[in-house]
Amino acid sequence: MEYQINDISRDNFEQCIKCTICTVYCPVLAVNPDYPGPKQAGPDGERYRLKNPGFYDMALKYCLNCKRCEVACPSNVRIGDIIQRARIHYDTKPVKLRDRLLAETDFMGRVATTVAPVVNFMLGCSFVKRGMDMTLAIDRHREFPKYAGRTFVSWFNRHAAGQARFDRHVEYFHGCYVNYNFPSLGRDLVRILNAAGWGVDIMKGERCCGVAKISNRLIERATADARSNMRVVREALSGNDRPLLFTGSTCAFTMRDEYPHLLGVDNADVRDRMLMATVWLARMIDRGDIRLAFRSDYKRRVTYHTPCHMQKLGWSIYSVNLLRMIPGLEYVPVRSQCCGIAGTYGFKRENYPTSQAIGRELFDALDAVAPDVVATDCETCKWQIEMSTPYKVMNPVSIIAEALDYEATRSLNGL
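**Considering the overall build of the chain**
Now for step 1: When its secondary structure is counted, the chain shows 21 helices and eight strands.
Now for step 2: Its C-alpha radius of gyration of 21 Å places the chain within 12% of the 22 Å reference for a compact globule of 415 residues.
Now for step 3: A principal-axis box enclosing the C-alpha atoms of the chain has dimensions of 65 × 50 × 40 Å.
Now for step 4: Long-range contacts, defined as pairs at least 24 residues apart, comprise 77% of the intrachain contacts of the chain with a sequence gap of at least 6.
Now for step 5: Across the chain, the centroid of the 56 positively charged side chains sits 3 Å from that of the 46 negatively charged ones.

Shown next as structure tokens:
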């Protein structure tokens, strides 16, 4: 299903009733007066741009693509998609070297993991940060995630043979973050599912989901990655009823929604089988198909931050319910707002003040509840919160893995 650029109704902008609810929920407009807001940047501006592309406003680059405007819209207008597509088609400025480097997550990850200790040391040096600020306009205050010395794929390949002993399997889209930065999250998912009687497979040829390329206007590269990913997804899911699981909310959102909406890459035949691991796990537990047992000595005071894309998917309740299922975990609710990083957005010098101003409400809310751990399903939210607050951040999958009694769980599941 290919979308045509002259299909003016695909985002329902004619249904905008000018209620301005989207402007109230926009995290950027509240802190950056240079941004016209989602109503003006989206459906209002689109009416002008369709008549004359010269009406394109460069201030649309301040949009986070957080989708909070779409969540709030009572008319189901795809406001965020309108804005992102306008940036794709009407911004004719060349893509900066900085933006290309930030967007090439697979390439940078492959290079960095081979010399991870050196890269991590250099990225933590103040003089290197100042140099990147002056030459690339990557803000000197931003902390980079550390790279792992060994990728998740290399670990998995050494243990893949053990997955064959299971009768039931899931496919796992690990993404760049798990592969290059935080392999332990992928290992945690494998450990949990194996204890529950499920094997895990990963797809050969998986590429970055493409979200960084989309946000930095490398659309041809993003589309090529999307088509390649959908090809390997269909190969992996063909002839079976396996789900494709994600531990990163933005990867799931991008492949489910952005592929067809922004890149014109169809996924209708497999979209419903692409799920967050927490969604699938919670549903399997509710059906009685999986049973988990937890350590009696586990104690944690945990709150949950809802990532913007998780809110758009409508799936945060699954992660929260899983956390509340752990007997020794004290769940503390928090008023969760956008953290402000929006992937590569918060790394850019021109966006850093806006990024931190957006996140301030969340940072203060976390201080008010002072948890032992902040749980979230988004890796870049983890980077932002850990950089800007004193709190440790963990994916709900890793919290479950930490709390699980593996022997008891295997016994419950007949292993």
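So, next bit.
**Overview of a nonpolar patch on the surface**
Now for step 1: There is a patch of nonpolar side chains on the surface, built from V115, V118, F121, M122 and F127 and spanning about 490 Å² of accessible area.
Now for step 2: For the nonpolar patch, the leading source of residues is helix 7 (residues 116–124), giving three residues.

**Brief notes about unusual backbone geometry**
Now for step 1: The backbone phi angle of T20 is positive, close to 65°, even though this residue is not glycine.
Now for step 2: By relative accessible area, which is 32% here, T20 ends up partly exposed.
Now for step 3: With a phi close to 60°, N65 is a non-glycine residue in the positive phi region.
Now for step 4: Relative to the elements of secondary structure, N65 occurs in the loop between helix 2 (38–51) and helix 3 (68–72).

**Some remarks on the state of the cysteines**
Now for step 1: Applying the stated rule across the entire model yields zero disulfides.
Now for step 2: Summary of cysteine pairing: C73 is not part of a disulfide, and the nearest cysteine sulfur, belonging to C19, is at 6.3 Å.
Now for step 3: Free of any disulfide, C339 has its nearest cysteine sulfur in C381, 3.7 Å distant.

Rules of the game
Residues numbered from 1 in each chain as written. Predicted model: local features only at pLDDT ≥ 70, side-chain atom pairs only at ≥ 80, totals over all residues. Heavy atoms only, no water. Helix = DSSP H or I, 4+ residues; strand = E, 2+ residues; numbered from the N terminus. Rg over C-alpha atoms; globule rule 2.2 N^0.38 Å. Contact = heavy atoms within 4.5 Å. Lys, Arg positive; Asp, Glu negative; His and termini not counted. Charge placed at Lys NZ, Arg CZ, Asp CG, Glu CD. Patch = residues over 30% accessible without salt bridge, like charges linked within 9 Å, V, L, I, M, F, W, Y side chains within 5 Å. Areas by Shrake-Rupley, 256 points an atom, 1.4 Å probe, with all protein chains shown as cover. Salt bridge = Lys/Arg side-chain N within 4 Å of Asp/Glu carboxyl O. Buried < 20%, exposed > 50% of the residue type's maximum accessible area, 1.4 Å probe, protein only. Disulfide = S-S within 2.5 Å.

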